[in-house]
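Here are the chains, one letter per residue:
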Amino acid sequence: MLVKTYCAAVTALEATTITIEVNLTRGTMFHLSGLADTAVKESYDRIRAAIENNGFKAPTADLTINMSPADIRKEGSSYDLPLAIGILAAYSKVSETLLSQYMMVGELGLDGKIKPVSGVLSIAIRARKEKFKGLIVPKENVREAAVVNQLDVLGMDNLADVIGFLNGCNTCEPTVVDTRKEFYDHQYAFDLDFADVRGQESVKRALEVAAAGGHNVILIGPPGSGKSMMAKRLPSILPPLSLAESLETTQIHSVAGILPSGTSLISQRPFRSPHHTISQVAMTGGTQKAQPGEVSLAHNGVLFWNGIY
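The structure contained in this document is the topic of the report that follows. Note that the structure is a prediction, hence the values are computed from the model and not measured.

Rules of the game
Residues numbered from 1 in each chain as written. Predicted model: local features only at pLDDT ≥ 70, side-chain atom pairs only at ≥ 80, totals over all residues. Heavy atoms only, no water. 1 Å grid on protein atoms, 1.4 Å probe; cavity = no way out; pocket = protein on both sides within 12 Å on 5 of 7 lines; lining within 4 Å. Points joined across faces, edges and corners; volume = space filled by probe spheres on them. Helix = DSSP H or I, 4+ residues; strand = E, 2+ residues; numbered from the N terminus. Nonpolar A, V, L, I, M, F, W, Y, C, P; charged D, E, K, R; others polar. Polar contact = N/O pair within 3.5 Å; in protein donor to acceptor, adjacent residues only side chain to side chain. Buried < 20%, exposed > 50% of the residue type's maximum accessible area, 1.4 Å probe, protein only. Contact = heavy atoms within 4.5 Å. Core = buried A, V, L, I, M, F, W, Y, C linked by side-chain atoms within 4.5 Å.

**Considerations on empty space enclosed by the protein**
Evaluated as defined, the whole model comprises one cavity of 30 Å³ or more. Size it by volume and the largest cavity reaches roughly 30 Å³. Taken together, Phe-30, Leu-32, Val-40, Ser-43, Tyr-44, Ile-47, Ile-65, Leu-83 and Ile-87 form the lining of the largest cavity. With three residues, the top contributor of residues to the lining of the largest cavity is helix α2 (residues 43-52). Among the residues making up the lining of the largest cavity, the classes are represented as eight nonpolar, one polar and no charged.

Here it is, written out as structure tokens:
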């Protein structure tokens, strides 16, 4: 029996739709194709445990899974949920009716709990572009994905919830986020405010000029003189983010996996302060996964490098 589920692979800031094809025949072997990395290949062990710990029997059959397109590298644990649902659907434990309408992502724990993953905002944008009705994500990622309108975003706690929803045994209301309200409500709630600084008038004047003109600034002084303290407060006097800049910044932090749980949008300009011994790759980004570096994470914000000479 052949079943298809849908997820996405994130490369840089873009997501590509991945079709997971699961075929079940007589036998006992397991085959996985489609340029999957070690984390994806190991997912079958997590999936078997999650299925059995949620009251189902793992299939004893010849299982062939293809992740298409096969020339795109699949990395990470976000494919656990669609793989598990595809296996159960091929085993006739999950209805196929809604599988073509929903994209899904999530890492599975051995108890079936769905754990958060990175890059959900990019995946949600792709799901809407591909005209999927909805997106099933971990509960911790639901507000991040719900920023994308015209898409039913469903946050699930565990594998049993997803199975029940797809089988029509329970309902799940889509999470709705008022993007503009969320954005404007948190735009001026600064933890570190430039107005709190007392004294340092000449330094404050220099930072105000730099902020107004978008200039670089160098702060020189002995340890404890207030360089870092004032630099951390610089975002509070920069012009506020536009909604487009906020979405772009949120997407970068989502891909990097550092977006705080439950956050929908980054409403304030980011501040990044890498250590002076940081490597070139960590600063500029890259590696095989094309992860953002500190320069990218400071996009639309402030990059403060505390150098020691």
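Don't stop here, the text continues.
**Focus: the environment of Glu-75**
By secondary structure assignment, the location of Glu-75 is in the loop between β4 (62-68) and α3 (80-90). Taking the C-alpha atoms as reference, Glu-75 lies 37 Å from Leu-238; in sequence the two are 163 residues apart. Polar contacts involving the side chain of Glu-75 include one to the side chain of Arg-73, which spans 3.2 Å.

**Examining the environment of Gly-155**
Following the sequence through the fold, Gly-155 ends up in strand β9 (residues 152-156). The class of Gly-155 is buried, set by a relative accessible area of 7%. C-alpha of Gly-155 to C-alpha of Thr-284: the two residues are 129 residues apart in sequence and 34 Å apart in space. What Gly-155 contacts, discounting residues up to four positions off in sequence, is Val-137, Pro-138, Lys-139, Val-142 and Cys-172.

**Quick word on the side chain of Asn-141**
Along the polypeptide, Asn-141 turns up in the loop between β8 (134-138) and α5 (142-145). Owing to a relative accessible area of 5%, Asn-141 belongs among the buried residues under this scheme. With residues up to four places along the chain from it excluded, the contact list for Asn-141 reads Pro-116, Val-117 and Val-120.

**Details of the nonpolar core**
Core analysis: the biggest nonpolar cluster contains 68 residues, and Leu-81, Ile-85, Ile-136, Leu-159, Phe-165 and Leu-166 have the highest contact counts within it. With eight residues, the top contributor of residues to this core is α3. In this structure Phe-165 touches Leu-98, Tyr-102, Ile-136, Leu-154, Met-156, Asn-170 and Cys-172, once residues within four positions along its chain are discounted. Core analysis: the next-biggest nonpolar cluster, separate from the first, contains eight residues, Phe-194, Val-197, Met-230 and Leu-234 among them.

Geometry only, nothing functional implied.
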